[in-house]
Amino acid sequence: MRTPIAYFLILSGLLFAIGTVGVLVRRNALVIFMSIELQLNAVNLSLIAFSRQLGGVDGQVLAFFSIVVAAAEVVVGLAIIVAIFRKRASANVDDVSLLKW
Amino acid sequence: MDLLVFWIVAPISVGAGILMLLQRNAVHSALFLILSQFTLAVMFALLGAHFLAAAQVIVYAGAIMVLFLFVIMFLGVDRREALIEPLRGQRGLAIGLGALLVAVVFVAIRLGVGLATAPGPAPRGDNVEAVGRTLFTKYFFPFEVTSILLIVAAIAAMVLARRRARGVPDTEVFEEPEPEREVVP
Amino acid sequence: MDLVWLIPALPLGGAVLLLLTGTRLRRVAGGLASLLVGLSFAVGVLVFQDLLALPEGARSAAIHVFDWIEVGAFRAPVELRVDPLSMVMVLMVTGVSFLIHVYSMDYMHGDPRYPRYFAYLNLFVAAMLTLVLANNFVVMFVGWEGVGLCSYLLISFWHERKAAADAGKKAFIVTRIGDTAMLIGIFLIFATFGSVEFDQVFGAASGVAPATATAIALLLFGGAVGKSAQVPLHTWLPDAMEGPTPVSALIHAATMVTAGVYLVARAHVIFEVSDVALGVVAIVGIVTAVYAGLAALGQDDLKRILAYSTISQLGYMFLAAGVGAYAVAIFHLVAHAFFKALLFLAAGSVMHATGGEVDVTRLGGLRKRMPVTAAFFAIGGLALAGIPLLAGFFSKDQVLAATYEAGRTGLWITGLLAAALTAVYIARAWSLTFLGEPRRDLHPHEAPPLMTAPMGALAGLTIAGGLLGLQVQTGRVQSFLAPVFGGAEHATAAGGLSELALSVIASLVALAGLAAGWYVYGSGRVDVSRLRGRYEGTKRALESGLYLDDIYGRALVLPGKAVASFAASAVDQRVIDGAFNGLGRAFASLAAVGRRLQTGLVRTYALAFLLGATALLLLVVVRS
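About the cut-offs
- The numbering scheme is per chain: residues are counted from 1 as the chain's sequence reads.
- To label them, take the chains in the order written and letter them from A, then take the ligands in the order written and number them from 1.
- For this predicted model, a pLDDT threshold of at least 70 governs which residues receive local features, and a threshold of 80 or more governs which side-chain atom pairs are given and counted, while totals over whole chains, interfaces and linings are taken from all residues.
- Put simply, DSSP marks the helices as runs of H or I at least four residues long and the strands as runs of E at least two long, and each gets a number from the N terminus on.
- To sort residues by burial, count the other C-beta atoms lying within 10 Å of each one's C-beta; a count of 20 or more means buried, 12 or fewer means exposed, and anything in between means partly exposed. C-beta atoms are built from the backbone.
- Two residues qualify as a contact pair if the distance between their C-beta atoms, derived from the backbone, is within 7 Å.
- Polar here means any residue other than Ala, Val, Leu, Ile, Met, Phe, Trp, Tyr, Cys and Pro, which are nonpolar, and Asp, Glu, Lys and Arg, which are charged; Gly is therefore polar.
- Structurally, a nonpolar core is described as a collection of buried Ala, Val, Leu, Ile, Met, Phe, Trp, Tyr and Cys residues joined by way of C-beta atoms within 7 Å.
- Given the number of residues in a helix, its expected span is that number minus one, multiplied by 1.5 Å.
- Arc definition: it is the arc formed by the directions from the helix axis to the C-beta atoms.
- A score between 0 and 100, pLDDT records how confident the predictor is in each residue.

A. Summary view of the overall build of chain C. Of regular secondary structure, chain C possesses 27 helices and 2 strands. Looking at chain C residue by residue over its 624 residues, the buried ones come to 53%. Within chain C, contacts between residues at least 6 apart in sequence are counted, and of these 81% link residues at least 24 apart.

B. Representation of the interface of chain A and chain B in the model. Between chain A and chain B, the residue contacts involve 65 residues of the former and 73 residues of the latter. When contributions to the side of chain A that touches chain B are tallied by element, the ones reaching two or more residues are α1 (5–25), α2 (29–54) and α3 (58–88) of chain A. Looking at the side of chain A that touches chain B residue by residue, the class counts come to 48 nonpolar, 9 polar and 8 charged.

C. Broad picture of the interface of chain C and chain A. Listed per partner, the contact involves 11 residues of chain C and 11 residues of chain A. Partitioned by chemical class, the residues of the side of chain C that touches chain A number 5 nonpolar, 3 polar and 3 charged.

D. Summary view of the environment of A:Leu47. All names here are of chain A. Within the secondary structure, Leu47 sits in helix α2. With 22 C-beta atoms counted inside 10 Å, the residue Leu47 sits in the buried group. With 35 residues separating them along the chain, Leu47 and Ser12 place their C-alpha atoms 9.5 Å apart. With residues up to four places along the chain from it excluded, the contact list for Leu47 reads Gly59, Leu62 and Ala63.

E. Focus on helix α11 (residues 259–266) of chain C. Counting buried residues in α11(C) gives 8 out of 8 residues, a clear majority hidden from the surface. By the burial criterion, the buried members of α11(C) are C:Ala259, C:Gly260, C:Val261, C:Tyr262, C:Leu263, C:Val264, C:Ala265 and C:Arg266.

F. Representation of the nonpolar core in the model. Within the largest apolar cluster, 208 residues are counted, with the highest numbers of intra-cluster contacts made by C:Phe124, C:Val264, C:Ala320, C:Ala329, C:Ala341 and C:Leu342. Among the elements that make up this core, the one with the highest residue count is helix α15 (residues 326–354) of chain C (21 residues). The residues touching C:Ala329, leaving out its near neighbours within four places in the chain, are C:Val261, C:Ala265, C:Met317, C:Ala320 and C:Ala321. Of all hydrophobic cores here, the second largest spans 76 residues; its members include A:Ile5, A:Ile32, B:Phe32 and B:Leu52.

G. Spotlight on unusual backbone geometry. Residues and elements named next belong to chain C. Of note, the amide linkage connecting Val231 to Pro232 takes the cis form, showing an omega dihedral of 0 degrees. Here Pro232 is to be found in the loop between α8 (210–227) and α9 (236–239). Of note, Ala229 is a non-glycine position whose phi angle comes to about 55 degrees, a positive value.

H. Examining helix α27 (residues 602–623) of chain C more closely. The end-to-end C-alpha distance of α27(C), which contains 22 residues, comes to 32 Å, matching closely the 32 Å that a straight helix rising 1.5 Å per residue would cover. Within α27(C), burial applies to C:Arg603, C:Leu607 and C:Leu610. Buried residues along α27(C) cover an arc of 70 degrees about the axis, so they all sit on one side. Looking at α27(C), the residues exposed on the side facing more than 90 degrees away from the buried face are C:Ala608, C:Phe609, C:Gly612, C:Ala615, C:Leu616, C:Leu619, C:Val620 and C:Arg623. The inward-facing, buried residues of α27(C) contact α1 of chain A together with α4 (90–112) of chain B.

I. Representation of the confidence of the model for chain A in the model. This prediction gives chain A a mean pLDDT of 87; 97% of its residues lie at or above 70. Confidence scores differ between elements of chain A, with α3(A) showing the lowest mean pLDDT of 90 and α2(A) the highest of 92.

Spelled out as structure tokens, the structure:
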């Protein structure tokens, strides 16, 4: 029996929710970043599921692009974290709080 | 058959995600994320996206996560995050939000696709060929743009992370502003 | 006659010019200002000739200058009226003003604000001319306010002195009370007649209900009471002596204060329709005349004596108007202008010579060193007292005669009493100043020519006025002014004393008063200081004007100040400022609450957008 599409989608939603909670709860910049990656993965799953549902490979191509862009983003994001870490010797996002009242 | 695979792999996926959150050591978190990505690759394969399953493993789990690990180790592996949460209500709100999100997604799916709809027929032909064909004809322009994006990202990373010559600060020294005194009208 | 607009325009131009470029013109300023007023007088003469060329019954012309206000049915064009009354006033105003301008050139010599003085003086003349030449109540009111403003500016000309600044304020505020009444009167006029133009209002006056006419007349009279310093709005005039003496001569003797009399004369038609208004005018006039006469007796300041004297004489004019003898009132106005201005200028000469001393008890014996001034003062004083052959005699005599002939015997007797007082106080003033031995070690010198010449001219006019007085006797003055007042002169009551008898009685009263005054104060036969000691209390009462000023001060000014300071502190500071500041503070606190959102922490921001995103998601799901 084929698995209903809905299962993939629910799995995607679940993983996305986990990623969200991770962004909000963890204080280590790198772990937050990883949670964002989890979110992106979840979305990719969702895209591919729909691609299968609707026929054609457009969803997969979009997921492909998503991976590529995620890679670029990770590169830049990590460079920033490294730069900040050099200044402050801390990867705790709560310390980066100058833009406040 | 698919269903069985699904039901074995899906819990692993979710579990890996949750465990990723709960690790106090960043390296452990990264490893669990890699596990989660492997499971997702299996999901992709189930859905007939063989090319992407491969890409997921090679690019995501293989390159991106390795990069992550480099940086984690670079910045100090032995740092352990404290357990207490300084912001009040943050955890509660976060979990609440997460639950809400799941519920909304569930409802949306139920209303939209329907819980029992079977996936469409498996597309004929080689998946890789199909992806390649679509990619280089219909989505050619975005493809080229993305390649430029990658180059730009590489350069940006080099610029952002380099050490300047001695004496030249790489970023401006930013002083903490003094707390404002209340202005009495 | 079309050039009549030049009459007020010339001094107005002078004022503007001097205000803008005065500091550069400096020494020429006085000459320029005087010249412009002189030219104005010349134009006045030309227009007067034109007027005389018209047949007697038709001597009234309205010269339209330009359209000013036109709102619906309300029209107030700038129109000038040329008729005997206005021309008499014009000639008197420009003539006397010219003489005083010339006088001021020497009197104010060396003053640091010399050009500005002349600018104000010119402006004043312009406003006064507007007042008397106006052909509707609105333009007249413009002139009315203008003279009030200039009076304030000139009284407080030496504003570094607190007394002068206070006097200016007092003048403005007290006359303001009258002005408000007048303004309401004008509103009422418009409401009743649908117009403010003289021809239309006076033409329709007879058809108006007496009660309305009374209201209008009394309101207008209120303005006159303020401007002409009658009781109870007289308190500003004695204090106004803080201003330069030429100012006192011009504004507070000859011109501005006479505006009230002019107003009553001009609007007499309305007053006649009402049954009580004229009576009120007469009573106010006579009360003021006696009151001021008494007060003058108690003053030691030479200028204040003259100030109260002016108030008293104005009372006479109102008395005349109140019994219907408008032409006589105007005649007394003109005569009074001559001799009172002369008296003030002579007083100015005394001050100029003695370095500003005005206290008669400290002056004395100036006759030997300042014979010319003494003579002029004497001429003025005699005229004031009402000695035959000088201007004052005929005018005052006519006032009393008219009162008698109108059957108001009580008023007549009181008028005689006032005349007696007048004679006494002026004799006192002259004696103490010019007779006897010098009480102080002064070195007075006679006044310079630019000051003596105008005085001489006024003295001449005073004497010439006496001759004109003969014309009054023969009724020619009345008939000249008849186009304005025609038919309003009350018929003489038959019986009683003849005119000659009345004149004799009046002259005897005057002579008796003068003799008494001279005897007590000038002959040296009475010990003045002992007299003062015995009647100390009375003197003080008289000097303070029967404490009226103090009463006002306590009853009105102090509460007024209390209200003002309450309004300033409690209302203005707390309520109004408090509201604004409170509003500001409210916003600030609101913002203070709001800015707590800017925690600077990435995670709170992340929470914020995820909450938002979820909300949107919910929205989409619920909608579909």
